[in-house]
Amino acid sequence: MQYARPLRRAVTAAVSVGALTALAACGGTTDPAGSTDAKKSGDSDSGSKTIIFSPGYASSPALQELAKGVKAEAQKKGYTVIVQEANGSAQTQLSQLQTAVQTGQAAGVYALMLDPKTAGPLVESAQKKGVPMVVTGTPSDYGLSGMTPGITFDRTDTAAIGKALGTQLGNCINEKLGGKTEVIHTVNVPGISGAAETEAATKAALTATAPGAKIVAKIQAAPDTVKAQTDIGNSLQGHPDAEAVIGAVDEAAQGAIGAFASAGKKLPCLVTAGGSPETLAKVKAGKIYALVALDYQGDLKQAMDALFKLVKDPAANGEQLTVPQKITKAGQ
């Protein structure tokens, strides 16, 4: 799942972001999130008051911020949080989580799994030990046919992101360009989870919304504004009539603005995924027509609520969550 630009970058450095990231059995950092001797009814079978958070790449600034939110939510329930660092290794992450589950260290686990396909045995172990988990993805990612006791899944709807990007760009083209223009489409690099689905949904939505628009160039979006500006500038030389750009990440949008400015051209229609402060500022200034972002704070809250619901009753079936999406329009 493309858990936004900063998260995706951290995960890509490890494996792929279709999953987010996460952990090292006792090698993480422990932060008190309330009184450790607090006792509440309904604890999971382990009797522990510790939540394990496994982001996969805990050193990432974006994931450090996410960890703060996990600790804050846990503190409300009187739990301590251990953040485990797997340094992008799916094998390390699984080993760390298995240890936390088997030793009774974990009352519950919130894991941004690096490789769900190999995590089926972990899920089975957690169920046997009565340790509830919230993990990224869907049941099928873990070899399961449906929802199962003690496990909640949290997915990113990449098709919905693509649909929103294509629709918003189509709206802009209809509104500002009479429904016709040439489009430069930046896309995620191959291997990023959900990249193909996002691209296909973007194209379909653009065609449905503004049939007169034509994608004339496809560029792989690197998390590097300078490179993005160079790549888009080169594409613009070959397609000087292009007046619209789809940004796959924040850097692609920033690069597009720079490339058009350097070429002395206006860029009436720019939409992008992402959500960095710089991108948000450009949206407010009207330089970006629409930003399609994932609401990570909203997702964190729903994930932690779901986890503590299972902590009270580990035998209950989990839920299928979807990361909320937020669209911000120019001037907002």
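Here's a quick rundown of the structure.

About the cut-offs
Residues numbered from 1 in each chain as written. Predicted model: local features only at pLDDT ≥ 70, side-chain atom pairs only at ≥ 80, totals over all residues. Heavy atoms only, no water. Helix = DSSP H or I, 4+ residues; strand = E, 2+ residues; numbered from the N terminus. Expected span 1.5 Å × (residues − 1). Buried < 20%, exposed > 50% of the residue type's maximum accessible area, 1.4 Å probe, protein only. Phe/Tyr/Trp six-rings, centres within 6.5 Å; stacked < 30°, edge-to-face > 60°. Salt bridge = Lys/Arg side-chain N within 4 Å of Asp/Glu carboxyl O. Disulfide = S-S within 2.5 Å.

**Some points on helix 5 (residues 158-176)**
Moving on, step 1. In this model, helix 5 (19 residues) spans 27 Å end to end at C-alpha, consistent with the 27 Å of a helix rising 1.5 Å per residue.
Moving on, step 2. All buried positions along helix 5 are accounted for by T158, I161, G162, A164, L165, G166, Q168, L169, G170, C172 and I173.
Moving on, step 3. Of the residues trailing helix 5, G178 is marked for its positive phi of about 65°.

**Here we look at the packing of aromatic side chains**
Moving on, step 1. Enumeration according to the criterion identifies three aromatic pairs in this entry.
Moving on, step 2. Residues F53 and Y110 carry aromatic rings whose centres are separated by 5.3 Å and whose planes lie at 40° to one another, so their mutual orientation is tilted. Taken together, the positions of F53 in strand 2 (residues 50-54) and Y110 in strand 4 (residues 108-111) put the pair 57 residues apart, joining distant regions of the chain.

**A few points about unusual backbone geometry**
Moving on, step 1. With phi around 50°, N87 is a residue other than glycine that occupies positive phi space.
Moving on, step 2. As for its placement among the helices and strands, N87 is situated in the loop between strand 3 (80-83) and helix 3 (90-102).

**Overview of the pattern of salt bridges**
Moving on, step 1. Within the structure shown, the criterion is met by ten salt bridges.
Moving on, step 2. Notably, a salt bridge pairs D115 with K117, separated by 3.2 Å at the nearest N-O pair.
Moving on, step 3. For K117, a relative accessible area of 69% gives the class exposed.
Moving on, step 4. One salt bridge connects K203 with E199, and the closest N-O pair in it is separated by 3.2 Å. Separated by four residues within a single helix, K203 and E199 lie in helix 6 (residues 195-209), roughly one turn from each other.
Moving on, step 5. Put simply, E199, K203 and K218 are held in one network by salt bridges that share partners.

**Let's talk about the state of the cysteines**
Moving on, step 1. One pass over the full model with this rule turns up one disulfide.
Moving on, step 2. With a sulfur-sulfur separation of 2.2 Å, C172 is cross-linked through a disulfide to C269. Since a negative S-S torsion denotes a left-handed disulfide, the C172-C269 link at about -90° is left-handed. Of this pair, C172 sits in helix 5 while C269 sits in strand 10 (residues 269-273), and the two are 97 residues apart along the sequence. Both residues of the pair, C172 and C269, belong to the buried class.

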